[in-house]
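# Architecture at a glance
Listed below are the residues making up each chain.
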Amino acid sequence: MSTMLASYLTLAAILFCIGLFGVLTKRNAVIVLLSIELMLNAANLNLIAFSKYGVVPSLKGQIFSLFTIAIAAAEAAIGIAILIALYRNRGTANVDEFDDLKR
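Not measured: the values here are computed from a predicted model. (Residues numbered from 1 in each chain as written. Predicted model: local features only at pLDDT ≥ 70, side-chain atom pairs only at ≥ 80, totals over all residues. Heavy atoms only, no water.)

## Looking at the UniProt feature "transmembrane region" (unreviewed entry) in the protein chain
- UniProt tags residues 6-24, 31-51 and 63-87 as "transmembrane region" (unreviewed entry).
- Between the C-alpha atoms that bound residues 31-51 there is a distance of 30 Å. The span itself is 100% helix and 0% strand.
- From the first C-alpha to the last, residues 63-87 spans 36 Å; its make-up is 100% helix and 0% strand. (UniProt positions renumbered as here; feature names shortened; annotations may be inferred. Helix = DSSP H or I, 4+ residues; strand = E, 2+ residues; numbered from the N terminus.)

Put into C-alpha cells, the structure is as follows:
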C-alpha cells in the first residue's frame, strides 16, 4: 500500500469519525445533517483514493463518487425542507423533540 493511499484513508477515517461523533452526540438537527454529509464525503474520498491508487486504477470510483455527491445534495435539500417544516410546526430544531412516531 502506497503512502499516499494510506494518508488518504487516514484522512477519510478521521472525517468519518468526526461525522459519526456529530451524529451521535449533537441535538441540533442541522448539525446532524452536516455530520451525515461529512460521513458521505469521507466515503467519497475513499472511493476516489481507491480508484486512483487501487490495484487496477480506473475512473469507476470517481464516477460513482459523482453519483453519491448528487444523491447527497438531494438528501440535503430534502432534509433541510423537512427541518424547516418541523421548525415551523414545533418551534425548535432539537432532535429530541421530534418523537411523534413513538406514540
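## Topic: helix H3 (residues 60-90)
- A rise of 1.5 Å per residue sets the reference length of H3, with its 31 residues, at 45 Å; its end C-alpha atoms lie 44 Å apart and thus fit the reference within 8%.
- Taken residue by residue, H3 has Gly-61, Ser-65, Ala-72, Gly-79 and Leu-83 as its buried positions.
- Next to the buried residues of H3 lie helix H2 (29-53).
- Just past H3, the residue Gly-91 takes up positive phi, approximately 85°. (Expected span 1.5 Å × (residues − 1). Buried < 20%, exposed > 50% of the residue type's maximum accessible area, 1.4 Å probe, protein only. Contact = heavy atoms within 4.5 Å.)

## Points about a nonpolar patch on the surface
- Together, Phe-16, Leu-20 and Leu-24 make up a nonpolar patch on the protein surface, roughly 280 Å² of accessible area in all.
- Here Leu-24 shows up in helix H1 (residues 3-25).
- Judged by its relative accessible area of 62%, Leu-24 falls in the exposed class. (Patch = residues over 30% accessible without salt bridge, like charges linked within 9 Å, V, L, I, M, F, W, Y side chains within 5 Å. Areas by Shrake-Rupley, 256 points an atom, 1.4 Å probe, with all protein chains shown as cover. Salt bridge = Lys/Arg side-chain N within 4 Å of Asp/Glu carboxyl O.)

## Re the packing of H2 against H3
- Between H2 and H3, the least distance of the axes is 9 Å, while the angle of their chain directions is 175°. Viewed along their axes, H2 and H3 adopt a mutual orientation that is roughly antiparallel. In this structure, H2 uses Ala-29, Val-30, Leu-33, Ile-36, Glu-37, Leu-40, Asn-44, Leu-47, Ile-48 and Ser-51 to contact H3, whose residues at the interface are Gly-61, Gln-62, Phe-64, Ser-65, Thr-68, Ile-69, Ala-72, Glu-75, Ala-76, Gly-79, Ile-80 and Leu-83. (Axes fitted to C-alpha atoms, helices over the stretch in contact; angles between N-to-C directions. Parallel < 35°, antiparallel > 145°, perpendicular 65-115°, else oblique.)

## Points about the environment of Asn-89
- For Asn-89, the location among the structural elements is in helix H3.
- With relative accessibility at 67%, the residue Asn-89 sits in the exposed group.
- C-alpha separation for the pair Asn-89 and Leu-24, spaced 65 residues apart in sequence, amounts to 25 Å.

## Here we look at the layout of surface pockets
- There is about 170 Å³ of room inside the largest pocket.
- Along its surface, the largest pocket is lined by Lys-26, Arg-27, Ala-29, Val-32, Leu-33, Ile-78, Gly-79, Ile-82, Leu-83, Val-95, Asp-96 and Phe-98.
- Of all elements in the fold, only H2 and H3 reach the threshold of two or more residues within the lining of the largest pocket.
- With four residues, H3 is the largest single contributor of residues to the lining of the largest pocket.
- Counted by class, the lining of the largest pocket contains eight nonpolar, one polar and three charged residues. (1 Å grid on protein atoms, 1.4 Å probe; cavity = no way out; pocket = protein on both sides within 12 Å on 5 of 7 lines; lining within 4 Å. Points joined across faces, edges and corners; volume = space filled by probe spheres on them. Nonpolar A, V, L, I, M, F, W, Y, C, P; charged D, E, K, R; others polar.)

## A short note on the pattern of salt bridges
- The full count for this structure, using the stated rule, is one salt bridge.
- Between Arg-27 and Asp-96 there is a salt bridge; the shortest N-O distance is 3.1 Å. Pair noted here: Arg-27 is in the loop between H1 and H2 and Asp-96 is in the segment after H3, with a separation of 69 residues, a long-range link.

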